[in-house]
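A structural walkthrough
The lines below spell out each chain.
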Amino acid sequence: MELYYLIILTITLSVSGAFSPGPLTFSAIVEGSKGSWFSGFKEAFGHLLFELPFVVALAFLLQQIKALLDDALIKYVLSFILISFIVYFSYMVIKDGYSRLNDNGFVSDQGFSNGSKIVNRPVITGFLLTASNPLFLSWWATVGLILILSATSLGFIFGISIMYASHVWMDFAWLGMMGIIGKSGRKFLSNKHFGIFLIIMALIMLYFGLMASIQLIYYK
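What counts and what doesn't
- Residues numbered from 1 in each chain as written.
- Predicted model: local features only at pLDDT ≥ 70, side-chain atom pairs only at ≥ 80, totals over all residues.
- Heavy atoms only, no water.
- Helix = DSSP H or I, 4+ residues; strand = E, 2+ residues; numbered from the N terminus.
- Buried < 20%, exposed > 50% of the residue type's maximum accessible area, 1.4 Å probe, protein only.
- Contact = heavy atoms within 4.5 Å.
- Phe/Tyr/Trp six-rings, centres within 6.5 Å; stacked < 30°, edge-to-face > 60°.
- Expected span 1.5 Å × (residues − 1).
- Bend = angle between axes of the 7 residues up to and from the residue.
- Core = buried A, V, L, I, M, F, W, Y, C linked by side-chain atoms within 4.5 Å.
- pLDDT = per-residue confidence, 0-100.
- Patch = residues over 30% accessible without salt bridge, like charges linked within 9 Å, V, L, I, M, F, W, Y side chains within 5 Å.
- Areas by Shrake-Rupley, 256 points an atom, 1.4 Å probe, with all protein chains shown as cover.
- Salt bridge = Lys/Arg side-chain N within 4 Å of Asp/Glu carboxyl O.
- Axes fitted to C-alpha atoms, helices over the stretch in contact; angles between N-to-C directions.
- Parallel < 35°, antiparallel > 145°, perpendicular 65-115°, else oblique.
- Nonpolar A, V, L, I, M, F, W, Y, C, P; charged D, E, K, R; others polar.

With that settled, consider the overall build of the protein chain. Helix and strand content of the protein chain: 10 helices and 0 strands. Listing the helices and strands of the protein chain from first to last along the sequence gives α-α-α-α-α-α-α-α-α-α. Looking at the protein chain residue by residue over its 220 residues, the buried ones come to 47%. Considering only residue pairs separated by 6 or more positions, the protein chain has 87% of its internal contacts joining residues 24 or more positions apart.

What follows is the structure, given as structure tokens:
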């Protein structure tokens, strides 16, 4: 019963994190629109590369990591890192979108411009947006602690493995779907409309990045 309870608890609580709108969600749409059908899944893999070691470390250092998020200096540093990457990412997407506004042809299969290659590397984007997202760190240090505590009661390796597997598939499902939506949409857009789409997505990412940083500063 404890095993089934852990799985159900993980899936229920993970909805608040995995399916929330934010920089990772909207970047997956952009990555999909500019790359392959699997761009969203690649971004989810980049997310996993940071998240899994972080969760394991958090399980070892529950109180210490939570204390870090209570430190004002750490909050400002994480906020600065997030804003810096989001601003750069958004700028590159807006730049590419703006360059398309005067082109009425249909969207070709070309990638991002040479000046924005980082945007066309979904694994790197997934990793960096995860590592620099204070809401992600805060979620695991608060809501995620419940899952970690429940998991370790079943044994460290077994419990964490079951809990994380029950959680991470939702990230792959959500980001993969966002990538597919982005890829599908580009087939029906002219370059001009696609440019508008990119600019809107960049502004949304920028907004959520700013909101995440503000929320972290006032995190208790």
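This is not the end of the story, as more comes after the structure.
Glancing now at the packing of aromatic side chains. Given two aromatic rings, one states the distance between the centres and the angle between the planes to describe the pair. As enumerated under the stated definition, the model contains 4 aromatic pairs in all. A centroid spacing of 5.6 Å and a plane angle of 85° characterise the contact between Phe-50 and Phe-127, whose relative ring orientation is edge-to-face. One end of the pair, Phe-50, is in helix α3 (residues 39–60); the other, Phe-127, is in helix α6 (residues 122–131), with 77 residues separating them in the sequence. A residue is classified by how much of its surface remains accessible, and Phe-127, at 32% relative accessible area, is partly exposed. Ring pairs connect the aromatic residues Phe-50, Phe-54 and Phe-127, which therefore count as one cluster.

Take helix α7 (residues 134–141) next. With 7 of its 8 residues buried, α7 lies for the most part within the structure. What α7 keeps buried is the set Pro-134, Phe-136, Leu-137, Ser-138, Trp-139, Trp-140 and Ala-141.

To continue, consider the environment of Met-163. If you trace the backbone, Met-163 turns up in helix α9 (residues 156–186). Taking the C-alpha atoms as reference points, Met-163 and Ile-11, separated by 152 residues in sequence, lie 8.9 Å from one another. When sequence neighbours within four positions are dropped, the list of residues in contact with Met-163 reads Leu-6, Thr-10, Val-55, Trp-140, Leu-147, Ile-148 and Ala-151.

Our focus in this paragraph is α3. In an α-helix, one turn spans 3.6 residues, which is why side chains three or four residues apart end up on the same side. For α3, with 22 residues, the first-to-last C-alpha span of 32 Å sits near the 32 Å given by 1.5 Å per residue. The sharpest bend along α3 measures roughly 25° and falls at Leu-48.

Below, the discussion takes up the side chain of Glu-51. With respect to the element layout, Glu-51 can be found in helix α3. Judged by relative accessible area, which is 1%, Glu-51 ranks as buried. Setting aside residues up to four positions removed in sequence, Glu-51 forms contacts with Phe-136, Trp-140, Tyr-164, His-167, Val-168 and Asp-171.

The biggest cluster of nonpolar side chains holds 21 residues, and the ones touching the most others in it are Phe-54, Trp-140, Ile-148 and Met-163. Formed by 17 residues, the second largest nonpolar core is a distinct cluster that contains Phe-26, Leu-175, Met-178 and Met-201.

Turning next to the confidence of the model for the protein chain. The share of residues in the protein chain with pLDDT of 70 or more is 77%, and the mean pLDDT across the chain is 76. The secondary-structure element of the protein chain with the lowest mean pLDDT is helix α4 (residues 62–68), recorded at 65, while α3 shows the highest, at 90.

Looking at the element boundaries, Val-30 is found in helix α2 (residues 23–34). Taking the C-alpha atoms as reference, Val-30 lies 9.7 Å from Pro-122; in sequence the two are 92 residues apart.

Taken together, the side chains of Trp-37, Phe-38, Phe-41 and Ile-180 define a hydrophobic patch exposed on the protein surface, amounting to about 370 Å² of accessible area. Considering the arrangement of structural elements, one finds Phe-38 in the loop between α2 and α3. Residue Phe-38 is classed as exposed on the basis of its relative accessible area of 54%.

This brings us to the packing of α7 against helix α8 (residues 143–152). With their axes 3 Å apart at the nearest point, α7 and α8 run at an angle of 40° to one another. Of the possible angle classes, the one that applies to α7 and α8 is oblique. Residues Trp-139, Trp-140 and Ala-141 of α7 form the contact with α8, whose participating residues are Val-143, Gly-144, Leu-145, Leu-147 and Ile-148. In the contact of α7 with α8, the residues fall into 7 nonpolar, 1 polar and no charged.

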